[in-house]
Amino acid sequence: MAIEPGPDPLMALELGPASLPASADAIVVGAGAAGCVVAARLAAEGRSVVVVEAGPGPPRPASVLGHDPVAAASTPGWTWSDLEARARPDGPAAPYRQGRGIGGGSAINGLILAPGDRADYRAWASVVGPAWGPDAMAPWLDAAAAAFQPISIPAGPVTGPFLEALAAGGHGPVVGDSLEPDRNGVMAASLALVDGRRVSAADRFLAPAMAGGAVRLIANAPVDHIRTTGGDRSTAAGVALVDGRAIDAPLVVSCAGAIGSPALLRRSGLAGPSVGRRLIDHPSVALTLRLTPEVADRDRLGLASHVLRWSPDRDGADQPAGSDAPGADAGGDLQAFVLDRVDDGGAGAEPLAVVAIGLLAPTSIGRLGADGQPITAALSTETDRVRFRAGVRHLLDRCHDRSMAGVVSAVLADDRGTPASALAELGDTDLDRWLLANPGPYAHPTGTCPLGPVVSSDPADGGRLVDRNGVHVIDASVLPGPLRAGPWLTVTAVADRLGTALARLG
């Protein structure tokens, strides 16, 4: 499984001159999960496209080309180092990991592809119309999954015993994989992985478009604002970069993400009152497993082979979709998985793994502050607090199961060596306080420029900003409701759908 990633295959392409072009048919702001797809769809219809990315482009370092998300997210320059989140406006700030550079979040994430549940899209349809319901979204989700050609891998040296511990706790056997909606229980993780190398949106979508010559990438070029014409700023004219340079274009598509797109609209004077008012994220926490010395499979660094989804307050939670069990029309509200062997300190380093736990169906809704920093409102509802507490306590029990004794020497509550047994002794209020003070690895913001009030909910409009001409937003910010999955696959599908429609507009 393990490889030493060779040279960046993007460097084999003719990347074009480094100088900034004066104009293009379209400008895509952001070379992330959505921007790579949108650029490819515009180019396929004969548009000349300039993709402007604030972060680095090729050559990508081995840590980003490789499969280990811990190493990728720790690579200097590939996340937004000044981005911090607070659960409350007056609460403590914690780093908020968002991808920066070609591939965006797909360059640093955990590689797991999951579509969310049909119930999620039914909720979308109730808000923005049947065009966004489960039947309408299914073919786009299927196409997005097929584009990455995902694979499943066997359980690693820590995940194997963890699956036994889950079975002892009532979860099992393995049922299907993470690409199947409406699933509860243990499933194989579908991973965007080939020969041990990460497959990002840049690899699957942007690279072929660049090879065709219609797309130019300008990296390390943050955009200051979208330029517009007309007294009411109603029509796109191009973009201005932070360094003062400008590019003209009649079409500008913001694909800067759920944090970046609202900030760009605000700087451009294009943000209505709904921009940034609604932020949806998945609260999460991580438990550290100190491993026994014999667990030495370094080939598995950072990989999650299986995922558990469950609902602690739902009977029959491990029944597959289509069964007669209560709640079988939707997957679990909680998710957990093991990242096998997260340490990469070389010979002699203490072997560690991580169990990540996230709440996938939050009722707590946050916002972006005036400074553009996320205020997540994590666990601000009693519903979320009850479910997340139950999930964390359940996983604590599973981590201490005798099945784990052969590979785990200690279960830690944090990276400072605090025994996790201390959490089991906390009452509800103190446990809530600890969960908020120790945010986990998820950073899945969506919904800050939602379909309906900010972006046209008609798919044929291709993500057009309401009351504007030539300004479009296509990324995680447009998702109109919660999603019981990491957003990567759904963002890819939405970008494909809206980008295809936009490319076909006159």
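Overview of the structure. Every value quoted in this text rests on a predicted model; they were computed, and no experiment measured them. (Residues numbered from 1 in each chain as written. Predicted model: local features only at pLDDT ≥ 70, side-chain atom pairs only at ≥ 80, totals over all residues. Heavy atoms only, no water.)

Considerations on the overall build of the protein chain
To keep it simple, the criterion reads: Note on conventions: DSSP H or I runs of at least 4 residues are helices, E runs of at least 2 residues are strands, and numbering of each starts at the N terminus. Only the C-alpha atoms count toward the radius of gyration. The rule for a globule is 2.2 Å times the residue count to the power 0.38. Three labels apply to residues, based on accessible area from a 1.4 Å probe with only protein chains included: buried if under 20% of the type maximum, exposed if over 50%, partly exposed otherwise in between. Working rule for contacts: check all heavy atoms of both residues, and any pair within 4.5 Å makes them a contact. Method for areas: the Shrake-Rupley scheme with a 1.4 Å probe, in which residue coverage is limited to the protein chains shown. Under the counting rule used here, the positive set is Lys and Arg, the negative set is Asp and Glu, and His together with the chain ends is not counted. The atoms used to mark charge sites are NZ of Lys, CZ of Arg, CG of Asp and CD of Glu.
For the protein chain, the helix and strand inventory stands at 12 helices and 20 strands. For the protein chain, the C-alpha radius of gyration of 22 Å lies close to 23 Å, the compact-globule estimate for 506 residues. Dimensions of the protein chain, computed from the C-alpha atoms along their principal axes, are close to 65 × 45 × 45 Å. The 506 residues of the protein chain split such that 58% are buried. Intrachain contacts of the protein chain at a sequence separation of at least 6 include 74% that bridge at least 24 residues. Total accessible area on the protein chain stands at roughly 18600 Å², and carbon and sulfur atoms take up 52% of it. Within the protein chain, the 54 negative side-chain charges are centred at a point lying 5 Å from the centre of the 41 positive side-chain charges.

A short note on the sheet that holds strand β15 (residues 334–339)
What counts here: Here the rule is simple: two strands pair whenever DSSP picks up at least two bridges between them. For helices, the axis comes from a line fit to the C-alpha atoms of the stretch in contact; other axes are also lines fit to C-alpha atoms, and the angle between any two N-to-C directions lies between 0 and 180 degrees.
With antiparallel pairing, 6 strands are arranged side by side in an open sheet as β5-β14-β15-β16-β13-β19. Single-partner strands in this sheet number two, and they are β5 (185–188) and β19 (408–412). The average undirected angle you get between the axes of adjacent strands in this sheet is 20°. Looking at chain direction, β5 and strand β14 (residues 306–310) are connected through 4 bridges and run antiparallel.

Here's the deal with empty space enclosed by the protein
Defined as follows: Here a cavity means grid points, on a 1 Å grid over the protein atoms only, where a 1.4 Å probe fits yet cannot get out; a pocket means an open set of points with protein on both sides within 12 Å along at least five of seven lines; lining residues are those with an atom within 4 Å of a point. Grid points are joined across faces, edges and corners, and a volume is the space filled by probe spheres set on the points. Residues were grouped as follows: Ala, Val, Leu, Ile, Met, Phe, Trp, Tyr, Cys and Pro as nonpolar; Asp, Glu, Lys and Arg as charged; and all remaining residues, including Gly, as polar.
Counted by the stated rule, this structure contains 3 cavities of 30 Å³ or more. Within this model, the largest cavity holds a volume of roughly 70 Å³. Taken together, Ala114, Pro115, Gly116, Asp117, Ser178, Glu180, Met187, Val307, Arg309, Gln335, Arg484 and Ala485 make up the lining of the largest cavity. The residue makeup of the lining of the largest cavity, split by class, is 5 nonpolar, 3 polar and 4 charged. Space inside the second largest cavity adds up to approximately 50 Å³. Taken together, Ile280, Asp281, His282, His444, Thr446, Gly481, Pro482, Leu483, Ala485 and Pro487 make up the full set of residues lining the second largest cavity. Classifying every residue of the lining of the second largest cavity gives 5 nonpolar, 4 polar and 1 charged.

Side note on the packing of helix α4 (residues 118–128) against helix α5 (residues 134–148)
Packed helices, taken two at a time, are described by their axes: the angle between them and the distance between them. Stated formally: Roughly parallel covers angles under 35 degrees, roughly antiparallel covers those over 145, roughly perpendicular covers 65 to 115, and oblique covers all other angles. In a left-handed crossing the near helix is turned counterclockwise from the far helix by less than a right angle, and in a right-handed crossing that turn is clockwise.
Close contact between α4 and α5 brings their axes to 9 Å; oriented N to C, the two are set at 125°. In terms of their interaxial angle, α4 and α5 are classed as oblique. Pair α4 / α5 crosses with right-handed handedness. In this structure, α4 contributes Arg118, Tyr121 and Arg122 to the contact, and α5 contributes Pro134, Asp135, Met137 and Leu141.

Describing helix α1 (residues 33–44)
Using the following cut-off: Expected helix span is given by 1.5 Å per residue-to-residue step, counting one fewer step than there are residues.
With 12 residues, α1 ought to run about 16 Å at 1.5 Å a step, and its terminal C-alpha atoms sit 18 Å apart, in line with that. Of all 12 residues making up α1, 10 are buried, and the element is well covered by its neighbours. Among all positions in α1, only Ala33, Ala34, Gly35, Cys36, Val37, Val38, Ala39, Ala40, Leu42 and Ala43 are buried. Here the buried face of α1 lies against β1 (26–29), β2 (49–52), α7 (201–211), β8 (215–218), β12 (252–254) and α12 (488–504). Downstream of α1 by one or two residues, Gly46 has phi in the positive range, about 90°.

Notes on α5
Note the cut-off: Arc definition: it is the arc formed by the directions from the helix axis to the C-beta atoms.
Between its terminal C-alpha atoms α5 stretches 21 Å, which fits the 21 Å expected from 15 residues at 1.5 Å a residue. Looking at α5, one finds that the buried residues are Pro134, Met137, Leu141, Ala144, Ala145 and Phe148. In an axial view of α5, the angular spread of the buried residues amounts to 95°, which keeps them on one side of the axis. Across from the buried face of α5, at angles greater than 90 degrees, the exposed residues are Asp135, Asp142 and Ala146. Positive phi shows up at Gln149, right after α5, with a value of about 45°.

Focus: the pattern of salt bridges
Side chains that carry opposite charge are capable of pairing whenever their charged atoms lie near each other. Heads up, the condition is: Salt bridges are counted wherever a side-chain nitrogen of Lys or Arg sits within 4 Å of a carboxyl oxygen of Asp or Glu.
A complete count under the given rule lists 21 salt bridges for this structure. Residues Arg389 and Asp432 are paired through a salt bridge, measuring 2.8 Å at the closest nitrogen-oxygen approach. Here the residue Arg389 occupies a position in helix α9 (residues 382–399), and Asp432 occupies one in helix α11 (residues 428–437), the gap between them amounting to 43 residues. Both residues of the pair, Arg389 and Asp432, count as buried. With its nearest N and O atoms 2.6 Å apart, the salt bridge here joins Asp430 to Arg433. Here Asp430 and its partner Arg433 are both found in helix α11, 3 residues apart, which amounts to about one turn of the helix. Overall, Asp430 belongs to the partly exposed group, its relative accessible area being 38%. Take Arg433: its relative accessible area is 52%, and that puts it in the exposed class. Here the salt bridges do not stand alone but share partners, grouping Glu382, Arg385, Arg389, Arg393, Asp428 and Asp432 into one network.

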